[in-house]
Amino acid sequence: MKAVLYKYRVFIGIFLLFSSITLYLFYNALKPTKSLPIYNPSDVNPELVDSTVQYISKYHTIADFSFTNQNGKTITQKDYEGKIYVADFFFTTCTSICPKMTSNLVEVQKAISNNPDVMLLSHTVFPEVDNVAALKAYALEKGVDDKKWNLVTGDKKEIYAMARKSYLAVKMGKPEELYDMVHTENFVLVDAKKRVRGFYDGTKKEDIARLIEDINFLTNE
């Protein structure tokens with residue numbers, strides 16, 4: 001009798017183990033796999049995109065650029081080659097959304113501090129005011145790590161083109177004033193292949209958490 005009971009218990013144990021393994025495999029097979037879209041101009045709100053590129057529906061990448069950072073160094077696409085990075089647009093004298101955006105980007109900087117594959121890139125929309133000295137003072141005040149985060153200035157026409165033709169993230173200002181920009185709260189996630197992979201509200205903590213999660217996902221993609 002004991003032998004029969006022992007065999008019964010072994011059978012039940014094996015059955016439960018097999019059932020658990022089967023359920024686990026089914027769960028993993030059916031569980032949605034995380035993925036991030038690849039954004040093209042045609043996928044984005046037309047208000048944020050230059051009319052000359054709104055029709056593009058595939059193969060969009062960030063164009064080459066050349067700007068000057070807070071240390072007076074020329075920053076180009078080569079400085080971000082093979083890197084995942086977060087781009088945004090701001091100005092140092094902004095008192096509305098910029099302080100919150102910058103504070104949140106500092107939190108992103110902390111999250112990526114030990115990740116050599118991730119950087120940050122902030123463009124001023126008022127280069128006529130934000131020269132190298134202004135950017136440097138702002139960087140020191142906000143705790144910007146020069147190794148991870150470039151604040152850049154340059155020709156307004158070129159910044160405008162990058163904002164609306166590459167990053168698809170900035171609204172046009174007064175139509176009668178050429179290259180007038182209305183900066184937005186958008187943080188733009190760019191992958192190592194220069195493709196736009198996400199947009200995030202830089203004023204919202206929940207979006208910052210999602211951004212950090214997506215950065216980690218791209219790092220392991």
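Whatever comes next refers back to the structure up there.
First, a word on scope: everything that follows refers to the structure included in this document. (Residues numbered from 1 in each chain as written. Predicted model: local features only at pLDDT ≥ 70, side-chain atom pairs only at ≥ 80, totals over all residues. Heavy atoms only, no water.)

1. A closer look at helix α2 (residues 98–111)
Taking 1.5 Å of rise per residue, the 14 residues of α2 would be expected to cover 20 Å, and the 20 Å separating its terminal C-alpha atoms lies within 8% of that figure. Regarding α2, the residues found buried are C98, M101, T102, N104, L105, V106, V108 and Q109. Buried residues belonging to α2 abut β3 (84–90), β4 (118–124), α3 (132–142), β5 (149–152), β8 (186–190) and α5 (205–220). (Helix = DSSP H or I, 4+ residues; strand = E, 2+ residues; numbered from the N terminus. Expected span 1.5 Å × (residues − 1). Buried < 20%, exposed > 50% of the residue type's maximum accessible area, 1.4 Å probe, protein only. Contact = heavy atoms within 4.5 Å.)

2. Regarding the pattern of salt bridges
By the definition in use, this model includes 12 salt bridges. Of the charged contacts, one joins R197 and D191 as a salt bridge, the two residues approaching to 2.9 Å between their closest N and O atoms. Both residues of the pair, R197 and D191, count as buried. Note that D201 and K204 form a salt bridge whose closest N and O atoms lie 4.0 Å from each other. Of the residues examined, D201 reaches a relative accessible area of 16% and is grouped as buried. (Salt bridge = Lys/Arg side-chain N within 4 Å of Asp/Glu carboxyl O.)

3. Regarding the environment of I56
Mapped onto the elements of the fold, I56 is located in the loop between α1 (2–30) and β1 (66–68). According to the relative accessible area criterion, I56 is partly exposed, its value standing at 22%. Spatially, the C-alpha atoms of I56 and N40 are 6.4 Å apart, while their sequence positions differ by 16 residues. Excluding anything up to four places from it in sequence, I56 contacts N40, P41 and S42.

4. Considering unusual backbone geometry
The backbone of L168 sits at a positive phi, close to 55°, despite the residue not being glycine. Take L168: it is sitting in the loop between α4 (156–166) and β6 (171–172).

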